[in-house]
Each structure stands twice: as C-alpha cells, then as structure tokens.
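Observations on the three-dimensional arrangement
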Amino acid sequence: MSTLLAKNVRMLATMDDKRREIEHGAIYVTDQVITAVGTLDEMPARTADLVLDLSNHVVLPGMINTHHHMFQSLTRCIAQDHELFDWLVTLYPIWAGLRAEHITVSTQLAIAELMLSGCTATSDHHYIFPNDVTLDAQIEGAQATGVRFHAARGSMSLGVSSGGLPPDSVVENEDFILRDTQRVIEQYHDPAGQSMLQIVVAPCSPFTVTQDLMRESAALARSYGVRLHTHLAENDKDIVFTRRSFEQTPGEYAESVQWLGDDVWHAHCVKLSPTEITQFAQTRTGVCHCPNSNMRLASGIAPIRRLIDAGVAVGLGVDGSASSDAGNLLNEARQAMLLQRVLGGPAALKAREALELATLGGARVLGRADIGSIAVGKSADFVAFRVDGPAFAGAQHDLVAALVLCMPDRVDVSVINGRRVIADGELLTIDLPVLIERHNSLSRSLINGE
C-alpha cells in the first residue's frame, strides 16, 4: 500500500458536491484513491510515503480534455487564414506522410503540453491512418507520459471521389475500420474504476464517413459498452454539407444514425439550433466546446450558456494543435468564459463555472464518475499552481477565480492516479527537451515531404 499526503494547501478547490473551497486544506491518498479531504486535523495520519507541502499553492481537480487531434502538433501555423474546409484540404496531403513514429512522438508532445497546463485526463480523436500508422502507436506514446487516456479510434472512409472532403489516399475501407476498431477495444479497453486507458469509437465527421459506417460504429460501440465521439455542426459549411448530402439538420442526422444518447459526445456544436439543444438535453448527449479552435477558424461561438441551462453535459477541448495551435486547457476555460460574455453579458459564464466545465464537465462527457472532483473515493488526480508569482499578484483574495481570470503560466505539481508526474513545474515521466528536439525534426521532414 502506498500513501500520499498533500498538506497546508493555501486554497483547495474541491469541486465536490458542495463545491467546498478549503483554506489550509489537505488531501490523503491511499494507493490510487482519495481517502480523506479537509484540514490536516481531519487526515488519518500526518505522515505518508510522499508528503507535499502546498502552502504556496491553489489546488484543483485535474482538468479533463475531451477533444484533441494530437498528431496535428506536427503541423502548427499552417493555413493560418483559412476556415475549416479549406484548412483541412490544405493539410490532408501533408498528413498523408504520417508514420507510426510521428504518432507516438506527437502524442507525447501534445500530452506534455496538456499536463503542464493542469490536465490529468485526456481524450484524443485520431482519425487518419496512412502508411504504418495504428492506434497502438498512439497508445504506446500516451502510456509513457502517465496521463489518464481515452483513445478514440477515428476513421475516414468517404473520399473526394465519393463526395467526401478528404483525398482518396487517406481514407480506409469500412470493413477494415470496423474490424480494427473491434480489435483495439478488445485489446486495450479497461472499463474499471480508476481506469487509465479506455477506447472510444469515433468516425470523424459527416463529411468524411458514410451513414452506414456511423450506424455500424454505433452498434459496435454499444455491443462493447464503450463511448462514441465525432464532430458535428462545426461551421456553416458543415451545415450546408449535411443539408445537401442528407437533406437533414445536424440533429436529424445524428438521430438517424443512432448518434444520440448518454454514451455519445459531439465536438464543437457551434451551429446547434434551439430545437437541437433541447434534443441533446432530452437524450443526454454530450458536447465538447473548443473555443480557441472555433475562433482560429472563424467557425463561430457555440451556445454554451444555453446548453448548460438546458442540462446538456458540456466539457472543454483544446482541439487539434493545428487549429488552435496550442494545448493549454486552462486557457480554453478562460476563452469559454470570455466568449459567452460576448454573447450574453459580463455574467454569462462565471470563472468557477468555466473551471467546472474543465473538470466536472469533462468527467460527465467522458462518462467518468471517478474523476473531476477532489472527494473521498475519487481517483487521486489533482494539480497545484503556485500563487506567489506575478500571475496571482493582486488576486490573493480569490485564488480560485484567478486561475481563469489571471492565467498562471504552468502547473507546479501534478498527481495522476496517486502518482506525482510533475514536480516544481517539470515533467517527471518523459525527457521533455529530448522529446521536443525529436518532434521538431519529424515536423520539419513531414512538412517538407521528406
């Protein structure tokens, strides 16, 4: 049995059922599970195998990223002034050169960036499989970092010759997609509590796969009890494609292919109508909001306040590192808050609500009852930011809101599944300078077509 004690926490934001914020708080961990939360006097012991003094820190649950395309970290700052469809058409030929090493290295780089921003659990939607690329290469890379990982086996089957958007050279045969998806579920998916690895079934989008693949994928996922994920209603061209190709709205399309339910979440949903918001609420279908990517591609502002008020589960995502060009989940929380204020006024989304989206909201979207808050029985995932630096100067009276409003640089301590993975702002699980050097080398050769 291993134990960990985090003590003297300057401010502990639990995100528990009572939303307790505890001054001079403490957390006790036994193996991978939180066994006590409160003050030091309330802990079962004042010693542990590892004791963290967090007297200069604000602590919150590890944040949860619910949408990403990690391979895109290799191709940042390309098609800088394009909307979604033109941006994709520009990048598809570059991505056709991806190989397994690209996937392993880019996954580790993207996860490192996420972890340093306070993320402890992440999903990734990998949908392109040229050359020797497999989902196994990504899983291998992710597991080395120590992050809690949801690997989404994405796919594209509808090439340009069949009316889709991607070139035919980067799409797969649908029978193979379904067989390989079944393989990775059987080989890797762990449904248990405190699971560190789960598989998600994730055809890419209405404009890259057929309706048959969507239906067959939903049936496959439900036969194994795994979750489903895709893109929906991202921008105006997306809506036009769905109406032209299927004579349906995005909500009608999702319903027709059995992609509504409490085991489904859709990325973006920028263009959902009031009727579709009600539809999502009634079916308990989740949404991932990616504010920076939506702004970068000029897709619009998702109606997050209306979704939350309707009772829809909403989480946050950094999206692909070539559409947001960054992987900072705390910044996504800030931008989510600011964009809703543009739509609805200065109180449209409060700082603590934005943090809820990044923690509890992400847990709901991923179907995880064991993460998202600091409470007895939950997985020991939490992060700590130093409050004695310039970002918190002048904000000592509300350190929790300052996380969103003042934007600290990086996390100082991170614990995932009871294991310390960041100390003094440095990753302990991977050699970051070496990783960056290899990532940049692979990026250059990929972009240059070598």
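Refer to the structure above for everything that follows.
Residues numbered from 1 in each chain as written. Predicted model: local features only at pLDDT ≥ 70, side-chain atom pairs only at ≥ 80, totals over all residues. Heavy atoms only, no water.

**Notes on the overall build of the protein chain**
Broken down by element type, the protein chain carries 14 helices and 17 strands. Counting only C-alpha atoms and orienting by the principal axes, one finds that the protein chain spans roughly 65 × 45 × 40 Å. Split by element, the accessible area of the protein chain, about 16,300 Å² in all, is 49% carbon and sulfur. For the protein chain, the distance from the average site of its 36 positive side-chain charges to the average site of its 53 negative ones is 4 Å. (Helix = DSSP H or I, 4+ residues; strand = E, 2+ residues; numbered from the N terminus. Areas by Shrake-Rupley, 256 points an atom, 1.4 Å probe, with all protein chains shown as cover. Lys, Arg positive; Asp, Glu negative; His and termini not counted. Charge placed at Lys NZ, Arg CZ, Asp CG, Glu CD.)

**Quick word on the packing of helix α4 (residues 174-188) against helix α5 (residues 211-224)**
Packed helices, taken two at a time, are described by their axes: the angle between them and the distance between them. Between α4 and α5, the shortest axis-to-axis distance is 11 Å and the interhelical angle comes to 20°. As judged from the angle between their axes, α4 and α5 are roughly parallel. Helix-helix and strand crossings are classified by hand; for α4 and α5 the assignment is right-handed. Between α4 and α5, the contacting residues are Glu174, Ile177, Leu178, Thr181, Gln182, Ile185 and Glu186 on the first element and Asp212, Leu213, Glu216, Ser217, Leu220 and Tyr224 on the second. A breakdown of the residues in the contact of α4 with α5 according to their chemical character gives 6 nonpolar, 3 polar and 4 charged. (Axes fitted to C-alpha atoms, helices over the stretch in contact; angles between N-to-C directions. Parallel < 35°, antiparallel > 145°, perpendicular 65-115°, else oblique. Left-handed = near helix turned anticlockwise from the far one by under 90°. Contact = heavy atoms within 4.5 Å. Nonpolar A, V, L, I, M, F, W, Y, C, P; charged D, E, K, R; others polar.)

**Looking at the packing of aromatic side chains**
Applying the stated criterion across every chain yields a total of 8 aromatic pairs. Seen in terms of ring centroids, phenylalanine 85 and phenylalanine 207 are 4.6 Å apart; in terms of plane orientation they differ by 55°. Their pairing is tilted. Of this pair, phenylalanine 85 sits in helix α1 (residues 84-95) while phenylalanine 207 sits in the loop between β9 (197-203) and α5, and the two are 122 residues apart along the sequence. The residues phenylalanine 85 and phenylalanine 207 share a single accessibility class, namely buried. Ring centres 5.8 Å apart and planes at 75° place the aromatic pair tryptophan 87 and tryptophan 95 in the edge-to-face group. Note on tryptophan 87: relative accessible area 3%, which makes it buried. Given a relative accessible area of 0%, tryptophan 95 falls into the buried group. Each residue in the set Phe71, Trp87, Tyr92, Trp95 and Tyr127 is aromatic and connected to the rest through ring pairs, giving one cluster. Taking NZ or CZ as reference, arginine 153 lies 4.0 Å from the ring centre of phenylalanine 129, over its face. (Phe/Tyr/Trp six-rings, centres within 6.5 Å; stacked < 30°, edge-to-face > 60°. Buried < 20%, exposed > 50% of the residue type's maximum accessible area, 1.4 Å probe, protein only. Lys NZ or Arg CZ within 6 Å of the ring centre and 35° of its normal.)

**Concerning helix α12 (residues 351-365)**
Between its first and last C-alpha, α12 extends 20 Å over 15 residues, near the 21 Å set by a 1.5 Å rise per residue. Considering bend angle alone, the principal kink of α12 is centred on leucine 357 and spans about 40°. Among the 15 residues in α12, 11 count as buried, and that is most of the element. Listed as buried for α12 are Ala351, Ala354, Leu355, Leu357, Ala358, Thr359, Leu360, Gly361, Gly362, Ala363 and Val365. Glycine 367, located one to two residues past α12, shows a positive phi value of around 70°. (Expected span 1.5 Å × (residues − 1). Bend = angle between axes of the 7 residues up to and from the residue.)

**With respect to the pairing of strand β3 (residues 33-39)**
Sheet topology note: the strand β2 (residues 21-30)/β3 ladder contains 6 bridges and is antiparallel. Paired with threonine 30 across the two strands is valine 33, which belongs to β3. Remark: 2 residues form the turn of the hairpin made by β2 and β3, two consecutive strands paired antiparallel; aspartate 31 in that turn has positive phi of roughly 55°. (Pairing = 2+ DSSP bridges.)

**With respect to empty space enclosed by the protein**
Taken as a whole and judged by the stated rule, the model has 1 cavity of 30 Å³ or more. Of the volumes computed, that of the largest cavity is approximately 140 Å³. Lining the largest cavity are 17 residues, and of these His69, Leu84, Leu88, His231 and Glu234 lie nearest its centre. Take the lining of the largest cavity: its biggest share by element is 4 residues, from α1. Within the lining of the largest cavity, the residues separate by chemical class into 8 nonpolar, 7 polar and 2 charged. (1 Å grid on protein atoms, 1.4 Å probe; cavity = no way out; pocket = protein on both sides within 12 Å on 5 of 7 lines; lining within 4 Å. Points joined across faces, edges and corners; volume = space filled by probe spheres on them.)

**Thoughts on the layout of surface pockets**
By volume, the largest pocket amounts to about 270 Å³. Along the walls of the largest pocket sit 18 residues, with Glu356, Leu357, Leu360, Gly361 and Arg364 positioned nearest its centre. Where the lining of the largest pocket is concerned, the elements lending two or more residues are α10 (304-310) and α12. Examining the composition of the lining of the largest pocket, we find that 7 residues originate from one element, α12, more than from any other.

**Examining the side chain of aspartate 136**
Structurally, aspartate 136 can be placed in helix α3 (residues 135-145). A polar contact of 2.7 Å, which involves the side chain of aspartate 136, links it to the side chain of arginine 183. Beyond its immediate chain neighbours, meaning those up to four positions away, aspartate 136 contacts Arg183, Gln187 and Tyr188. (Polar contact = N/O pair within 3.5 Å; in protein donor to acceptor, adjacent residues only side chain to side chain.)

**So, the nonpolar core**
One broad trend across soluble globular proteins is that nonpolar side chains are buried collectively. Of all hydrophobic cores here, the largest spans 123 residues; its most connected members are Trp87, Leu88, Trp95, Leu98 and Phe385. Per-element accounting of this core gives the leading share, 10 residues, to helix α2 (residues 100-116). Leave out the neighbours within four places in its chain, and leucine 88 touches Trp95, Tyr127, Leu165 and Phe207. If you look at the next biggest cluster of nonpolar residues, it comprises 18 residues, including Val9, Ile22, Phe382 and Val415. (Core = buried A, V, L, I, M, F, W, Y, C linked by side-chain atoms within 4.5 Å.)

**With respect to the side chain of threonine 66**
Within the secondary structure, threonine 66 is located in the loop between β6 (63-65) and α1. When near neighbours in sequence (up to four residues on either side) are disregarded, threonine 66 contacts Ser123, His229, Trp265, Cys288, Gly315, Leu316, Gly317, Gly362, Val365 and Leu366.

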